Amino acid sequence: MQIWLQKFTTNHDALSPPELTEANGADQASLHMALNRFPALAALAVVFTLTGCATNSMTGRSQLVLVSEESASKQSVSYYNSMMGDFKKKEKLIVGSPINTRVEAITNKLIQQAVQYQPKSASWAWQVNVIDDDKTINAFCMPGGLMAIYTGLINQLDATDDEIAQVMGHEIGHALAGHGAEKMSVQIASNIAVLAISAAAAKNSRDFSNNQLALTVAALAFVNLPNGRITETEADKIGIELAARAGYDPAAAVSLWQKMATATKSKGRSDFLSTHPSPERRQETLLALGKPMGPLYAAAKATERPSYDWLKGDYDSRPKIEASSAQAFYSESWDRFIKGESQLKGGNMPAYLVKQGSLADLYKAGSWRDLASKVLDLDFELDLSYFYLSKAAKGLGFEQAAEKYQLQAIELGKSEKTACAKKFMVSCSGLQPSTP
Ligand SMILES: [Zn+2]
């Protein structure tokens, strides 16, 4: 199990950005030395092993979780409320103007998609505020769906709806992937002063959730400290897909970061860029990520779906989404799929016959992620299934996986038990397993 933690330093400057680094041998050795010298650290280490890390269902990555997502959301609410209260007092909070309507229309559509990926987020207290500050280029989404965007981002960048959707999608991506709780955890682990208090508290509690002081310090750090490069890449991936499915152009992800870079160069500073360090070759990566999003974007543009108003609707009236029907993202099964290791074992022929048409439609539309998800979900061992997996993998750029599934399709096509044609399906649409 990988543990992501910040290097422990005694002269840690709370304002200097901590870098998420993978603990290597040397770091672990010095950590052990530190643990021997400081009993408080040792107490923390106990908590580390008890509640230290967990695999995130969105990303499949192991995260440091000293703070549970629930505590992070709870703490964020009080921090967010006092922050917005301050803006209100200074008359910096824009209410009831066309800019609110515009931002809310975009975020509602994004939330509609977010809850498909993480059904539990349907119960979040989603909110968005527009802050009247033309000098600041910034936007955020705290744990629990508490969002804000500064007018500086909209006006200085002359941002289009598509670009706003990319920023907010990226921010929602951070929240869905639990980056806030992770950041707070890293902050707690990195702050020596808080650490001692926490260790004392740990005598009575194995969880830091109740340690108000530690949480307050961490929440303060949330909006000021940078994300790591890994979390940035995760948020980019999630954001561009949420936006595409919500009907916003993936190409805007590239233009947005370009505008952001230009504005920062000419006008000095951007709060957003200081908390969102650029992963290597971000623009190239976003361009590549945008390609498989094309069909999703086109499909969303073609169908005008009624959108639920998440920001104004009451909790009880919200559409309910079953966790089992959530779209795959970076789940374990998805991870196996992209490595070419998916194994279809089931054999529910009637279910397959019913869904066969929709699989063919997804294939024709080039909706590769949906196609793969559906095939994995149906779990029917057939050459046609592997043919679809192969096409989906190829469409998404996983060449090696595509080859593996292609070979499996050819192999299964030889057997009466698993060949589509020999099972007398209504149609074996598109099946040409012998042609690579
Ligand atoms: Zn970010």
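Keep in mind the model is a prediction, meaning the values are calculated, not measured.

On to the overall build of the protein chain, then. A count of helical and extended segments in the protein chain gives 18 helices and 8 strands. Within the protein chain, buried positions represent 44% of all 436 residues. Partitioning the contacts of the protein chain with sequence separation of at least 6, the portion at a separation of at least 24 is 73%.

Moving on: the confidence of the model for the protein chain. In this model, the protein chain carries a mean pLDDT of 76, and residues with pLDDT of at least 70 account for 70%. Counting contacts from residues 1–51, a segment whose pLDDT is below 50, to residues more than four positions away or on other chains yields 61 contacts.

Running from N to C, helix α17 (residues 383–395) and helix α18 (residues 399–413) point in directions that differ by 165°, and their axes come no closer than 8 Å. Our classification of the angle between α17 and α18 gives roughly antiparallel. Considering only the axes of α17 and α18, their crossing is left-handed. Of α18, the residues touching α17 (which contributes D383, Y386, F387, L389, S390, A393 and K394) are E399, A401, A402, Y405, Q406, Q408, A409, L412 and G413. Residues belonging to the contact of α17 with α18 are distributed by class as follows: 9 nonpolar, 4 polar and 3 charged.

Glancing now at the pairing of strand β6 (residues 127–131). For β6, a buried count of 5 out of 5 residues is recorded, marking the element as mostly surrounded by other parts of the structure. Burial along β6 is two-sided: Q127, N129 and I131 facing one way and V128 and V130 facing the other are all buried. The sheet contact formed by strand β5 (residues 93–94) and β6 spans 2 bridges and is antiparallel. Counterpart to L93 in the pairing with β6 is I131.

Compared with the 28 Å implied by 1.5 Å per residue over 20 residues, the 30 Å span of helix α4 (residues 98–117) between its first and last C-alpha is a close match. Where α4 is buried, its residues contact β6, β8 (146–150), α6 (161–176) and α10 (229–245).

The subject of this paragraph is the nonpolar core. Formed by 59 residues in total, the largest nonpolar core has its most connected members in L110, A139, I149, L153 and M168. Once residues lying within four places of it in the same chain are set aside, the contact partners of A139 are A148, I149, Y150, L153, V167, M168, E171 and F272. Membership of the second largest hydrophobic core comes to 27 residues, among which are L359, F387, A401 and Y405.

This part covers unusual backbone geometry. One non-glycine residue, D158, adopts positive backbone phi at about 50°. By the secondary structure assignment, D158 is in the loop between α5 (151–156) and α6.

Reading the values: rules and limits
Residues numbered from 1 in each chain as written. Predicted model: local features only at pLDDT ≥ 70, side-chain atom pairs only at ≥ 80, totals over all residues. Helix = DSSP H or I, 4+ residues; strand = E, 2+ residues; numbered from the N terminus. Buried ≥ 20, exposed ≤ 12 C-beta atoms within 10 Å, placed from the backbone. Contact = placed C-beta atoms within 7 Å. pLDDT = per-residue confidence, 0-100. Axes fitted to C-alpha atoms, helices over the stretch in contact; angles between N-to-C directions. Parallel < 35°, antiparallel > 145°, perpendicular 65-115°, else oblique. Left-handed = near helix turned anticlockwise from the far one by under 90°. Nonpolar A, V, L, I, M, F, W, Y, C, P; charged D, E, K, R; others polar. Pairing = 2+ DSSP bridges. Expected span 1.5 Å × (residues − 1). Core = buried A, V, L, I, M, F, W, Y, C linked by C-beta atoms within 7 Å.

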